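Coordinates in review
Each chain, letter by letter, is given below.
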Amino acid sequence: VVLFQAFQRFQAMERKPPVTIGLIVACAVAFVVPEQVGAIFGARTVDAACLQPYSVVLKAELMRLLSCSWFHGDEISLAYNASSLLWKGYQLETRMGSETFAMVTVMLSVLSSACAVITAGVLSLAFQNHDALYACTYGLSP
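Residues numbered from 1 in each chain as written. Predicted model: local features only at pLDDT ≥ 70, side-chain atom pairs only at ≥ 80, totals over all residues. Heavy atoms only, no water.

**Things to note about the pattern of salt bridges**
- One pass over the structure, following the stated rule, counts 1 salt bridge.
- Here Arg64 and Glu61 are joined by a salt bridge, their closest N and O atoms 2.6 Å apart.
- In this structure Arg64 comes out as buried when scored by relative accessible area, which is 7%. (Salt bridge = Lys/Arg side-chain N within 4 Å of Asp/Glu carboxyl O. Buried < 20%, exposed > 50% of the residue type's maximum accessible area, 1.4 Å probe, protein only.)

**Brief notes about the packing of helix H6 (residues 75-96) against helix H7 (residues 98-127)**
- Running from N to C, H6 and H7 cross one another at 125 degrees; their axes reach a closest spacing of 6 Å. With respect to H7, the axis of H6 lies oblique. Here the hand of the crossing between H6 and H7 comes out right-handed. Only Ser98, Thr100, Phe101 and Val104 of H7 make contact with H6, whose side of the interface consists of Gly89, Leu92, Glu93 and Met96.
- Considering only residue class, the contact of H6 with H7 consists of 4 nonpolar, 3 polar and 1 charged. (Axes fitted to C-alpha atoms, helices over the stretch in contact; angles between N-to-C directions. Helix = DSSP H or I, 4+ residues; strand = E, 2+ residues; numbered from the N terminus. Parallel < 35°, antiparallel > 145°, perpendicular 65-115°, else oblique. Left-handed = near helix turned anticlockwise from the far one by under 90°. Contact = heavy atoms within 4.5 Å. Nonpolar A, V, L, I, M, F, W, Y, C, P; charged D, E, K, R; others polar.)

**Notes on helix H2 (residues 18-32)**
- Under the 1.5 Å per step criterion, the end-to-end length of H2 is 21 Å for 15 residues, consistent within 8% with the ideal 21 Å.
- Taken together, the buried positions of H2 are occupied by Val19, Thr20, Leu23, Cys27 and Ala30. With its buried residues spanning 105 degrees around the axis, H2 presents them on a single face.
- Along its buried surface, H2 packs onto helix H3 (34-40), H6 and H7. (Expected span 1.5 Å × (residues − 1). Arc of directions from axis to C-beta.)

Structure representation (structure tokens):
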């Protein structure tokens, strides 16, 4: 149902936003063939591309700050995020222009991942529980 509604919204758009559509297609491809897309980021598996604060900080795997955005844990999160990105991306890309929208999307993806890493570190220190440092998260969530 969600995908059908998203498709209807896409069909009704006067101008098809190329960056938004590209992001959605890239996330879908990453879901279908995760090992091949992971290789682009130097990751052999999806778990090697997820946002894991421990690996970012102690192993200096900084590519995880961006790579985690392309992968999704299941079909439902992919469909929801794609639908949400289609709606929000269309509005923002139309207002900002495609080039600016692409740069802002990459910048915010990296910055939000960095904030998650910092938050996990603070929680780990504050509560002496290191579970947050080893958790893996995925998904470009607009």
